[in-house]
Amino acid sequence: MNHRHTLSVLVENKPGVLTRIAGMFARRGYNIHSLAVGPTEDERVSRLTLVVGTEAVQLEQIIKQLNKLVHVLKIVELEENAAIEREMQLVKVNADPAIRSQIIEIAEVFRAKIVDVDHDSITIEVAGNPSKLEAIVELLQPYGIRELVRSGTIALARGTRSISDGSKLRMRQVS
Amino acid sequence: MEITGAQAVMKSLEMLDVDTVFGYPGGAILPAYDPMIEAGFEHVLVRHEQGAIHMAEGYAHATNRVGVCIVTSGPAATNLVTGLTDAMMDSVPVLAITGQVASTAIGSDAFQEADVTGITMPITKHNELVTSAERIPEAIKEAFHVARSGRPGPVLVDIPKDILSATFEWHWDDRVDLPGYKPTVRGHGKMVREALDLIASAERPVIYAGGGLVRARAAVELERFASLLGLPVVTTLMARGVLPDTHELFVGMPGMHGHYAGVRALQESDLLITLGARFDDRVTGKLDAFAPEAKIIHVDVDPAEIGKNREVDIPIVGDVKVVLEQLLTVLEDKQRKGQFEELVPDATAWRAHLGALKSQHPLRVDQPEQGVLKPQSAIRAVYDVWGDEAVYVAGVGQHQMWAAQHIPYTRAGQWINSGGLGTMGFAVPAAIGAKAGVGRDVPVVAIDGDGCFQMTFQEIAAAVQHDIPVVFVVINNGYLGMVRQWQSLFYEDRLSQVALPQDLPDLLKLADAYGIPGFRIDRIEDLYTTLEKAHAITDQPVLVECRVHPDEMVFPMVPSGASNEELIESAEEWYARVAEQQA
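Source: prediction; values computed, not measured.

> Sorry if this is basic, but what is going on with the overall build of chain B here?
In terms of regular secondary structure, chain B is built from 24 helices and 20 strands. Expected size for 583 residues packed as a compact globule is a radius of gyration near 25 Å; at 25 Å, chain B falls within 12% of this value. Expressed as lengths along the three principal axes of its C-alpha atoms, the size of chain B is roughly 70 × 65 × 45 Å. Across the 583 residues of chain B, 53% fall into the buried class. Sequence separation of 24 or more characterises 77% of the internal contacts of chain B that already satisfy a separation of 6 or more.

> How do you make sense of the overall build of chain A when you look at a structure like this?
Summing up its helical and strand segments, chain A has five helices and nine strands in all. The dimensions of chain A, computed from C-alpha atoms along their principal axes, are 60 × 40 × 30 Å. Every one of the 175 residues in chain A was classed for burial, and the buried ones make up 25%. Taking the intrachain contacts of chain A between residues at least 6 apart in sequence as the baseline, contacts between residues at least 24 apart amount to 75%.

> Explain the interface of chain A and chain B to me, please; I cannot follow it from the model alone.
Taken together, the contact pairs 19 residues of chain A with 14 residues of chain B. Sort the elements by how many residues they give to the side of chain A that touches chain B and helix α2 (residues 56-68) of chain A lands first, with five residues. Taken together, the residues of the side of chain A that touches chain B sort by class into five nonpolar, six polar and eight charged.

> Please clarify how the sheet that holds strand β3 (residues 45-54) of chain A should be interpreted in this entry.
Strand pairs in the sheet, formed through backbone hydrogen bonds, run parallel or antiparallel to each other. All names here are of chain A. One open sheet accounts for four strands, arranged β2-β3-β1-β4; its pairing is antiparallel. The open sheet has two edge strands with one neighbour each: β2 (32-39) and β4 (72-78). The sheet shows a mean angle of 20 degrees between the axes of neighbouring strands, direction not considered. Pairing of β2 with β3, which is carried by seven bridges, proceeds in the antiparallel orientation. The residue bridging Leu35 from the neighbouring strand is Leu50, located in β3.

> Looking at this structure, I do not really get unusual backbone geometry. What am I missing?
Backbone phi values are negative for most residues with the exception of glycine, while trans is the configuration of most peptide bonds. Residue and element names in this part refer to chain B. Residue Leu504 is joined to Pro505 through a cis peptide bond whose omega torsion reads -5 degrees. Its place among the elements puts Pro505 in the loop between α21 (481-490) and α22 (507-513). Look at the link from Phe555 to Pro556: it is a cis peptide, with omega at 0 degrees. Phi is positive for Asp17, which is not a glycine, with a value near 60 degrees.

> Looking at this model, I keep getting lost on helix α5 (residues 81-89) of chain B. Mind explaining?
Residues lying three or four places apart along an α-helix face the same way, a consequence of the helix completing one turn every 3.6 residues. All names here are of chain B. Within the sequence span of α5, burial applies to Thr82, Gly83, Leu84, Asp86, Ala87 and Met89. Buried residues in α5 make contact with α3 (49-63), β5 (94-100), α6 (116-120) and β7 (154-160). Ser91 sits one or two residues past α5 and shows a positive phi near 55 degrees.

> Would you take a moment to explain the domain arrangement of chain A for this structure?
Interface size, as often reported, equals the accessible area lost upon joining of the parts. All names here are of chain A. Per the domain assignment, the segments making up chain A are domain 1 (3-78) and domain 2 (84-154). Put simply, the middle of domain 1 and the middle of domain 2, counted by C-alpha atoms, are 30 Å apart. Of all the elements in the fold, those that place two or more residues in the side of domain 1 that touches domain 2 are β2 and β3. Counting residues per element, the side of domain 1 that touches domain 2 draws most heavily on β2, at three residues. Here the residues of the side of domain 1 that touches domain 2 sort into three nonpolar, three polar and no charged.

> Even after reading the chapter, I still don't get the pairing of strand β7 (residues 121-128) of chain A, so can you show me in this structure?
Regular strands show a simple pattern: their side chains alternate between the two faces of the sheet. Residues and elements named next belong to chain A. In the sheet, strand β5 (residues 83-94) pairs with β7 via eight bridges, with the strands oriented antiparallel. Of the residues in β7, the one forming a bridge with Val91 is Ile124. Bridge analysis of strand β6 (residues 113-118) against β7 gives five bridges, and the strand direction is antiparallel. Its bridge partner being in β7, Asp116 is matched across the sheet by Thr123. Once β6 ends, the chain turns through two residues before running back antiparallel as β7.

> Which parts of the structure should I look at to understand the sheet that holds strand β16 (residues 415-416) of chain B?
All names here are of chain B. Taken in spatial order, the six strands make up an open sheet running β16-β15-β17-β18-β20-β19, and their pairing is parallel. If you trace the sheet from one side to the other, it starts and ends with β16 and β19 (518-521), each paired once. As judged from the four bridges shared by strand β15 (residues 391-394) and strand β17 (residues 444-449), these two strands associate in the parallel manner. Following the sheet pairing, Val393 is matched in β17 by Ala446.

> Which parts of the structure should I look at to understand the domain arrangement of chain B?
All names here are of chain B. Taken domain by domain, chain B comprises domain 1 (2-169), domain 2 (189-360) and domain 3 (375-552). Of note, the centres of domain 2 and domain 3, computed from C-alpha atoms alone, are 32 Å apart. Counting residues at the interface gives 15 residues for domain 2 and 13 residues for domain 3. Its residues placed into classes, the side of domain 2 that touches domain 3 shows seven nonpolar, five polar and three charged.

> So what exactly am I meant to see when it comes to the confidence of the model for chain B here?
Low pLDDT means the predicted atomic positions in that stretch should not be read closely. In the predicted model, chain B carries a mean pLDDT of 97, and 100% of its residues have values of at least 70. Scored as a complex, the prediction yields pTM 0.96 and ipTM 0.91.

> I would appreciate a short explanation of the packing of helix α11 (residues 219-229) of chain B against helix α14 (residues 320-336) of chain B in the present structure.
Working note: a packed helix pair is described by the angle between its axes plus the distance between those axes. Residues and elements named next belong to chain B. Between α11 and α14, whose axes approach to 9 Å, the crossing angle comes to 35 degrees. Classified by chirality, the crossing of α14 by α11 is left-handed. Contacts between α11 and α14 involve Glu221, Leu222, Arg224, Phe225 and Leu228 on the former and, on the latter, Lys321, Leu324, Glu325, Leu327, Leu328 and Leu331. Counted by class, the contact of α11 with α14 contains seven nonpolar, no polar and four charged residues.

> What is the right way to look at the packing of helix α1 (residues 5-15) of chain B against helix α7 (residues 136-148) of chain B in this model?
All names here are of chain B. Contact geometry for α1 and α7: axes closest at 9 Å, N-to-C directions at 35 degrees. Our pair here, α1 against α7, has a crossing hand that is right-handed. Here Gly5, Ala8, Val9, Ser12 and Leu13 of α1 come into contact with α7, specifically with Ile136, Pro137, Ile140 and Lys141. For the contact of α1 with α7, the per-class residue count stands at six nonpolar, two polar and one charged.

> Explanation requested: the nonpolar core in the structure shown.
Proteins that are soluble and globular tend to have nonpolar side chains buried together. Judged by nonpolar contacts, the single largest core of 197 residues is most densely connected at Ala209(B), Leu213(B), Leu222(B), Val393(B), Ala446(B) and Val473(B). Here Val393(B) is in contact with Gly58(B), Ile416(B), Asn417(B), Ala427(B), Ala430(B), Ala431(B), Ala434(B), Val444(B) and Ala446(B), once residues within four sequence places are set aside. In terms of nonpolar packing, the next biggest core, distinct from the first, is built from 12 residues, Ala107(A), Ala112(A), Val126(A) and Leu140(A) among them.

> How should the confidence of the model for chain A be read in this particular structure?
Here chain A averages 90 in pLDDT, while 93% of its residues score no lower than 70. At the low end of the mean pLDDT range in chain A sits helix α5 (residues 167-174) of chain A, at 43; at the high end sits strand β8 (residues 145-150) of chain A, at 97.

> Any chance you could explain the pairing of strand β18 (residues 471-476) of chain B here in plain terms?
Residues and elements named next belong to chain B. Burial runs high along β18: six of the six residues are buried. Both β17 and β18 contribute to a ladder of five bridges, which runs parallel. The residue bridging Ile447 from the neighbouring strand is Val473, located in β18.

> I keep staring at the environment of Lys308(B) and nothing clicks. Help me out?
Along the chain, Lys308(B) turns up in the loop between β13 (295-300) and β14 (314-317). Separated by 30 residues in the primary sequence, Lys308(B) and Arg278(B) place their C-alpha atoms 8.3 Å from one another.

> What is the right way to read the environment of Thr410(B) from this model?
Residues and elements named next belong to chain B. Along the chain, Thr410 falls in the loop between α17 (398-406) and β16. A count of 19 C-beta atoms within 10 Å places Thr410 in the partly exposed class. Placed 19 residues apart in sequence, Thr410 and Pro429 show a C-alpha to C-alpha distance of 23 Å. For Thr410, the contacting residues outside a window of four places in its chain are Gly241, Pro244, Asp245, Thr246 and Asp388.

About the criteria used
- Residues numbered from 1 in each chain as written.
- Chains lettered and ligands numbered in written order.
- Predicted model: local features only at pLDDT ≥ 70, side-chain atom pairs only at ≥ 80, totals over all residues.
- Helix = DSSP H or I, 4+ residues; strand = E, 2+ residues; numbered from the N terminus.
- Rg over C-alpha atoms; globule rule 2.2 N^0.38 Å.
- Buried ≥ 20, exposed ≤ 12 C-beta atoms within 10 Å, placed from the backbone.
- Contact = placed C-beta atoms within 7 Å.
- Nonpolar A, V, L, I, M, F, W, Y, C, P; charged D, E, K, R; others polar.
- Pairing = 2+ DSSP bridges.
- Axes fitted to C-alpha atoms, helices over the stretch in contact; angles between N-to-C directions.
- Domains from an automatic or database assignment.
- pLDDT = per-residue confidence, 0-100.
- Left-handed = near helix turned anticlockwise from the far one by under 90°.
- Core = buried A, V, L, I, M, F, W, Y, C linked by C-beta atoms within 7 Å.

This is the structure in structure tokens:
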């Protein structure tokens, strides 16, 4: 059975590193559910959060194959209940003045933000775990969603430990 | 000292003790070919860039050093693709330097532009597009380091023309700093001890010796380890010679065209001690029927190979030579303490059984005493004449399998072929590269098929021009023999597009055209006398054509997709089985 696994991957911030990773997934037939990439506290290092749907045996192979890429510094699997996972979603929903207040109410329940209002639409920004984002979409659907965009998952382990508490990066932290 | 990027390429290669590069000049790499006139290494001018990369591979196979090739951008770089993939599959340390269009023109579809780092990303261990002249020494030094360390492989460095021409202050630092690349060298001590315990309790242990042992040059350690514990050894296609075929513990080659005893040894074993091998489909046959009763110890420098195809009982990540040394250290320690005997498995009956299989199932040649020449006889005679001191290089197909089966290899690096990728056309350039590496005193004999030979024989010109005296033996059966064999066995003998007329081209005229001696043998009676004549010529390349019977097939054979249990030793056996199934 396929399970959702979240991998946090530290990579050297070099040209083509994302292609290397995406290409490795494609050519070995691994499936990426979502991918988010951005800078870290160290400008030479980027952090990728990959969500993959796979069996445990294949996950081990994915991690090993990732590790073989020269620009990959460290890989950590973030267990669901030991990590904070977030996605962000922007939803542009139909909202003429008559129903505007209903939509604002829904947004408030989800602690979402109204980021743009026009004559007959509202754009809502909502962050959270995937099920929360799906729930708000379900409630907004009847009003007519004009546009929707959703980021990949980003995640951090709970507690004090950081991903860069490891040998591969020690040298960088010193410098 | 201010120098150009191109000069830095030369200096970097000199710093890395490169003695030979294989290449072909062209537009974007032109700046590098100017300082090359004064460079401290030889340049072999190939006739096609595929030749350059296969020569670099052959050089690396034969010397265990990094093979280097240098070509221009675009079509030249794309011509490296086959060889890079070949080197990736067989873990061959190769450095490819490619020219690129000027950095200002990248992305504009400029003349002879190709996204070479993009194209070669999946077929190199690593690659880099260099973006400044200052970076050149580091990029080349790092590429060398990555190519030859850990699990070796091809690395490509792509350098734009303007960066080759730019100047900078030369600097060189021997240290390599790649924070994301730290191959594990030593095996886990606990796993090493557990491996020995598991071996001690085995009844039918076999060492499944792979190409990793050849790359690690661990033949001495392997021999000592196997001998101390009395462990039978099979050597895969990539590991032929790493334990001498003449050794009493040598059982055979496993795999689709392995020796009968070699295939059976794995299949019947209760413990595979897998050293630098990767459970390739050509060895395992149908994976879920492979060695069904065997527990697995797997030693490999690449952690991703462990557990990839077969679940493992004892995984050991590390350089196989170092891990063998660790195993030997424990064994020697036990010897001192008088506890050695308890680590030796009781495999006397097993060894006797394998010995019996070996003698009951020899390879069959069935050579008539007169007339028609069998390919197997030709290959055996080539070995008889050039002997154990020679290096043998093969292409891909029937001739390759016969050369792997019939020649009794005795050392690592003595047998060079394209295993994982199965690259037809490999032999001619790889043999030239190997000869450039091993030098005057070691004969290099390419044993090629007529199909393979016609893919790359243009490189004979490079051998002649650069005075690299390789012996090219073409086993000419007038067919794409292995494809024909499959069509005969599995497609009811409906031959489709496999005929290559024996006279096309006339190989004696071809030898003549290249100005080298050519010999043709088509009768068994002339075999040795003619080969001796060719053997006497050592100062220039030689071409020997062996015209052989076209109906010969390679046996034993595990039919494609079948279990190793279904090994057949003759075509008759296969046809009988098919008839039985139809009945």
